[in-house]
Every structure is written in C-alpha cells, then in structure tokens.
Amino acid sequence: DGGITQSPKYLFRKEGQNVTLSCEQNLNHDAMYWYRQDPGQGLRLIYYSQIVNDFQKGDIAEGYSVSREKKESFPLTVTSAQKNPTAFYLCASNPRGTNQPQHFGDGTRLSIL
Amino acid sequence: QKEVEQNSGPLSVPEGAIASLNCTYSDRVSQSFFWYRQYSGKSPELIMSIYSNGDKEDGRFTAQLNKASQYVSLLIRDSQPSDSATYLCAVNIKATDKLIFGTGTRLQVFP
C-alpha cells in the first residue's frame, strides 16, 4: 500500500539532546513537508522540500534541521536549540505544487523528559 | 487579520442534522482549497478539495467556494456521531506558495 510512514510514534527527549524523526513515503511525490501542531492550534510549517537535495525554511524553522538525500525520505532533527519541542509532528507529501492536496503520515508525538 | 480563519467551536448538532463549517481567507488570488478531518490524537485526513466557485459534492459532504467573498464552507448532511472531529480548512496562499491551515472547528454530533 502506498503511503507515508512516520516513526517513532512516540519520542522522548532529554535536555540538551538532539532527536531525529523519520518520514518515508512510497507515493513517488516530489514535495515533502514537516509541520508542528500544538494543542488547539493549527499546523505550522517547519521545513519543506520540493525536490531532492533542496529544502526551504518554513515559518518556524529555528531549532530544527532537515535533509533530503533521497526522494522517499525527509528526516527532521529537533536540536537542543529548540527550547519548547513538545508537540505533535506531522510529515506530509504531495506531487510538486501547492495546488495539490497534501497527504499526512500518522505523526510523531514528542515530549520532554 | 489571519490568513485563514475558522470558528474554533465546538459546533454541536444532533444526529441526522446538517453541520455547516465555515472558513474565510485573506488572499484574493488563492486557487486551491482543502478540507481535512482530524480525529483526536490522529493526523489530518483529506476529505474534500475544491478549486472553482460553486458547490462540489462527495457523498454526504459538500464543499462550497465563493472567491468574491473569500470564504469556503463544508456541509455535512445526515451528520453521524462518527463525524465528531476537528475540521481543518487549508488554503493555498499564492503570494508565498504555501498551504496555510486554519486552527480548525471542533464538531460534536450527539445522538
């Protein structure tokens, strides 16, 4: 079945630690996105990539980093510089172009230990 | 003014009624509009896309778009308790070429 796989489902971060969230898609989509959702809030864009080896900052990129070495994969690293990382992280993808709907993975819930 | 605005709700409707969810947006040249359903603790699921003025129907769901008034709405006919969820409106903002999500409207359908 085609889809977007995010792992792990739950993740705990210690103070000063970097953690990496995985996102893999087998939909052959060019574009991939990372969003953060806080309780009662909308989705906020962290980073996005329209093509392999290229990515752009979204609205809240500080404290995060990404890579796009393969079309299928777009991992997100939450660095120790992100002081309030507790949130629900969602990865999405679509064929290139924002006129196409984005489809989401099941999300990763990150908490501070 | 927020780029995409929704009433946070909750919107409570009895089972079998029509639920009407509204969304307004600020970018006059937006061309792509989407409705997502998000159950508590889950990820958003696409339920409707609409690109042209007028109505688009899919089963019990109807999306309505009025570009002149800059609003898009979602009607759910014969509402069921399983429709209870948060509904997110998403709009392509042409100026930034990004998809902007509203904060969502929580719908409660009671038996």
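Basis of the calculations
Residues numbered from 1 in each chain as written. Chains lettered and ligands numbered in written order. Predicted model: local features only at pLDDT ≥ 70, side-chain atom pairs only at ≥ 80, totals over all residues. Heavy atoms only, no water. Helix = DSSP H or I, 4+ residues; strand = E, 2+ residues; numbered from the N terminus. Rg over C-alpha atoms; globule rule 2.2 N^0.38 Å. Buried < 20%, exposed > 50% of the residue type's maximum accessible area, 1.4 Å probe, protein only. Contact = heavy atoms within 4.5 Å. Areas by Shrake-Rupley, 256 points an atom, 1.4 Å probe, with all protein chains shown as cover. Lys, Arg positive; Asp, Glu negative; His and termini not counted. Charge placed at Lys NZ, Arg CZ, Asp CG, Glu CD. Pairing = 2+ DSSP bridges. Axes fitted to C-alpha atoms, helices over the stretch in contact; angles between N-to-C directions. Polar contact = N/O pair within 3.5 Å; in protein donor to acceptor, adjacent residues only side chain to side chain.

Caption draft 1: Focus on the overall build of chain A. The secondary structure content of chain A amounts to zero helices and eleven strands. Going from N to C terminus, chain A has its helices and strands arranged as β-β-β-β-β-β-β-β-β-β-β. A globule of 113 residues ought to have a C-alpha radius of gyration of about 13 Å, and chain A, at 13 Å, matches this closely. Expressed as lengths along the three principal axes of its C-alpha atoms, the size of chain A is roughly 35 × 25 × 25 Å. Buried residues in chain A amount to 50% of all 113 residues. Considering only residue pairs separated by 6 or more positions, chain A has 53% of its internal contacts joining residues 24 or more positions apart. For chain A, the computed accessible surface area is about 5500 Å², with 45% contributed by carbon and sulfur atoms. Averaged over its 12 positive side-chain charges, chain A has a centre that lies 5 Å from the centre of its 11 negative ones.

Caption draft 2: Representation of the sheet that holds strand 8 (residues 71-76) of chain B within the structure. All names here are of chain B. One open sheet accounts for five strands, arranged 1-3-8-7-6; its pairing is antiparallel. Of all the strands in the sheet, just strand 1 (4-6) and strand 6 (54-58) have a single pairing partner and so form its edges. Taking the axes of each pair of neighbouring strands and ignoring which way they run, one obtains an average angle of 20° across the sheet. Across six bridges, strand 7 (residues 61-66) lies against strand 8 in antiparallel orientation. Each bridged residue has a counterpart across the sheet, and for phenylalanine 61 the counterpart in strand 8 is isoleucine 76.

Caption draft 3: Here's a closer look at the side chain of arginine 37 of chain B. Residues and elements named next belong to chain B. For arginine 37, the position within the fold is in strand 4 (residues 33-38). Its relative accessible area of 13% is what places arginine 37 among the buried residues. At a separation of 3.5 Å, a polar atom in the side chain of arginine 37 contacts the side chain of tyrosine 39.

Caption draft 4: Region of interest: the sheet that holds strand 7 (residues 64-66) of chain A. Residues and elements named next belong to chain A. Reading across the sheet, the four strands line up as 1-3-8-7 and stay open at both edges, with antiparallel pairing between neighbours. Looking at the sheet topology across the chains shown, the edges are occupied by strand 1 (4-7) and strand 7. Taken pair by pair, the neighbouring strands of this sheet meet at an average axis angle of 20°, ignoring direction.

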